[in-house]
Amino acid sequence: MNHRTISHADTKLSAEFVAPTTSYQDIRAQQISKAEATKPTAFKVRAQLLEQGRSETVLAASPHLSVRLKVYASGGENALHAHATEDHTFVILQGEAEFFDDEGPLALLGKNEGIMIPHGSYYRFNATSNEPLVMLRVGSPNEAAQGREGRVNVHGSFADADSKDNKTVERIYREGAFYGD
């Protein structure tokens, strides 16, 4: 098998830094916009770390797939919910997270570990380490194509990702602290 070494100067694509979104509505808009690309996309896995709250960055998307970078301050969490038609996975890049389903604890995961969440499966997670949690989230199909009700609570109604019910708090960034530098 022949392997070719490629330097950055030889590539047509350069990895770009993408700023985090400010709301779930922005995530959907970014995924729709990025899904219009018909050529390969390079991206940089980089995010500012947090003292409080969570952030999310859409790194790349197609109509069938989305790739997002999620950052949670230690202790950050979300509420029990499901994605009705989207299978997705989380891979821990930094920190630790405990995942739960509607019956209780599922897994305590650390760096370089992940979990697959099939569509319709209820779950939530807590950031459990002292350092911020950084995760890669890959979903299929692109959640933006599923409509507003794609994210549902245990009663089957729309689960607003930006609500207090979903443990949303003010985002406070760590000055000069980044993952991926």
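Just so it is clear, the model here is predicted, and its values are computed rather than measured.

Further remarks concern helix H1 (residues 24-35). Taking 1.5 Å per residue, 12 residues should reach 16 Å; H1 reaches 16 Å between its end C-alpha atoms and fits that length. Three or more residues of H1 are buried, namely Tyr24, Ile27, Arg28, Gln31 and Ala35. An end-on view of H1 places all buried positions within 95° of arc, on one side of the element.

On to the packing of aromatic side chains. Throughout the structure, instances matching the rule amount to 5 aromatic pairs. Both rings, one in Tyr72 and one in Phe125, keep their centres 5.0 Å apart while their planes meet at 75°; by these two values the pair is edge-to-face. With Tyr72 in strand S3 (residues 65-72) and Phe125 in strand S9 (residues 124-127), this pair connects stretches of sequence that are 53 residues apart. The same class applies to Tyr72 and to Phe125, which are both buried. Grouping aromatic residues by their ring pairs yields a cluster made of Tyr72, Phe90, Phe99, Tyr123 and Phe125. Lying across the ring of Phe178, Arg46 places its NZ or CZ 4.0 Å from the centre. The lysine or arginine in question, Arg124, covers the ring of Phe100, its NZ or CZ lying 4.1 Å from the ring centre.

Take the sheet that holds strand S5 (residues 87-94) next. Ordered by their spatial adjacency, 5 strands build an open sheet running S2-S3-S10-S5-S8, and the pairing between neighbours is antiparallel. Looking along the sheet, the strands with just one partner apiece sit at the ends: strand S2 (54-62) and strand S8 (114-117). Adjacent strand axes in the sheet meet at a mean angle of 20° when their direction is disregarded. Bridging between S5 and S8 involves 4 bridges; their strand directions are antiparallel.

Each regular strand shows side chains that alternate between the opposite faces of the sheet. Counting buried positions over the 8 residues of S3 gives 7, a clear majority of the element. When S2 meets S3, the two strands line up antiparallel, connected through 8 bridges. Bridge assignment links Ala60 to a residue of S3, and that residue is Val67. Here S2 folds back onto S3, and the loop between the two strands holds 2 residues. Relative to strand S10 (residues 133-140), S3 runs antiparallel, the two being bridged by 7 bridges. Following the sheet pairing, Lys70 is matched in S10 by Met135.

This brings us to the confidence of the model for the chain. For the chain, mean pLDDT is 85; residues scoring 70 or higher make up 86% of the total. Within the chain, the element-level pLDDT minimum falls on strand S11 (residues 151-152), averaging 78, and the maximum on S8, averaging 98.

Below, the discussion takes up the pattern of salt bridges. Summed over all chains, the structure comprises 5 salt bridges. Close ionic contact of Glu51 with Arg174 constitutes a salt bridge, the shortest N to O distance being 3.0 Å. Highlighted residues: Glu51 in strand S1 (residues 47-52) and Arg174 in strand S12 (residues 172-179), separated in sequence by 123 residues. Residue classification places Arg174 among the partly exposed positions, given a relative accessible area of 25%.

This paragraph deals with the sheet that holds strand S6 (residues 97-101). The antiparallel open sheet is built from 3 strands, whose spatial order is S7-S6-S9. The strands lining the two open edges of the sheet, one partner per strand, are strand S7 (104-109) and S9. Mean inter-strand twist for the sheet, computed between neighbouring axes without regard to direction, equals 25°. Two strands pair when backbone bridges link them, and S6 and S9 are joined in this way by 4 bridges, in the antiparallel orientation. Note on S9: the bridge partner recorded for Ala97 is Ala127.

About the cut-offs
Residues numbered from 1 in each chain as written. Predicted model: local features only at pLDDT ≥ 70, side-chain atom pairs only at ≥ 80, totals over all residues. Heavy atoms only, no water. Helix = DSSP H or I, 4+ residues; strand = E, 2+ residues; numbered from the N terminus. Expected span 1.5 Å × (residues − 1). Buried < 20%, exposed > 50% of the residue type's maximum accessible area, 1.4 Å probe, protein only. Arc of directions from axis to C-beta. Phe/Tyr/Trp six-rings, centres within 6.5 Å; stacked < 30°, edge-to-face > 60°. Lys NZ or Arg CZ within 6 Å of the ring centre and 35° of its normal. Pairing = 2+ DSSP bridges. Axes fitted to C-alpha atoms, helices over the stretch in contact; angles between N-to-C directions. pLDDT = per-residue confidence, 0-100. Salt bridge = Lys/Arg side-chain N within 4 Å of Asp/Glu carboxyl O.

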